[in-house]
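# Tertiary structure, described
Residues per chain, in single letters:
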Amino acid sequence: MGENEMRDDASERLSDALTKVVADLSERIRSKHEFSIIRAPDSGYLYVGLKDGRYWSGGSMLYESTDFDAIGSVAECLQDCVMEVLWIVWPECPSHGFGLHVRQRSGEAVWSCEGAASHVVAAVGALNSKKAG
Ligand SMILES: [Zn+2]
């Protein structure tokens, strides 16, 4: 169901990364907006954008030389895209309200709060399960 068209452009690795990162969005955002991997027609670069093509992460593009690059760049692109579409900083630290940044810890991509004392909030893809638990 339309999935094959996306698979042509986006590698399995980037598609899997996007599925993982989108799970970190709130239920409310996920119900309203569908994100996918978009190839810019002029440059051929890959971005995260709205499935209908209205917006994409103009400031950040996707790269995937390693698993961390894939998940990290997808997360940054989704942050950009959420900012453009919804005008919100996402995600925020539940304790301090700062915008979170993707960092690498022990080879794993994590959401990190860079406040006075920087700390890891959750692994990328586990933000909502972390809140629920
Ligand atoms: Zn914090």
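Owing to the predicted nature of the structure, the values given are computational and were not obtained by experimental measurement. (Residues numbered from 1 in each chain as written. Predicted model: local features only at pLDDT ≥ 70, side-chain atom pairs only at ≥ 80, totals over all residues. Heavy atoms only, no water.)

## Quick look at the nonpolar core
Membership of the largest hydrophobic core comes to 34 residues, with the highest contact counts inside it found for Val21, Phe35, Leu78 and Trp111. Every element with two or more residues in this core is listed here: helix H2 (12–22), strand S1 (35–39), strand S2 (46–50), helix H4 (67–86), strand S3 (100–105), strand S4 (108–113) and strand S5 (119–123). Looking at which element gives the most residues to this core, the answer is H4, with ten residues. Not counting residues within four places of it along the chain, the set of residues in contact with Phe35 comprises Leu18, Val22, Leu25, Ile29, Val48, Gly49, Leu50, Lys51, Leu78, Cys81 and Val82. (Core = buried A, V, L, I, M, F, W, Y, C linked by side-chain atoms within 4.5 Å. Buried < 20%, exposed > 50% of the residue type's maximum accessible area, 1.4 Å probe, protein only. Helix = DSSP H or I, 4+ residues; strand = E, 2+ residues; numbered from the N terminus. Contact = heavy atoms within 4.5 Å.)

## Topic: the coordination of the zinc ion
Taken together, the protein donors to the zinc ion comprise Cys93 (SG), His96 (ND1), Cys113 (SG) and His119 (NE2), at separations of 2.0 to 2.3 Å. Around the zinc ion, the four donor atoms are arranged such that angles at the metal cover 104 to 121°; this shape is classified as tetrahedral. Overall, Cys93 belongs to the buried group, its relative accessible area being 3%. You can call His119 partly exposed: its relative accessible area is 24%. (Donors = N, O, S within 2.8 Å, 3.2 Å for Na, K, Ca; no water. Tetrahedral: all angles 85-135°; square planar, octahedral: opposite > 155°, others 65-115°.)

## What to know about unusual backbone geometry
With omega at -10°, the peptide bond leading from Trp90 into Pro91 counts as cis. Tracing the backbone shows Pro91 in the loop between H4 and S3. Although it is not a glycine, Trp87 adopts a positive phi angle of roughly 55°. By secondary structure assignment, the location of Trp87 is in the loop between H4 and S3. Look at Trp87 and you get exposed, because its relative accessible area is 72%. Phi angles above zero are rare outside glycine, and Ser106 is one such case at about 50°.

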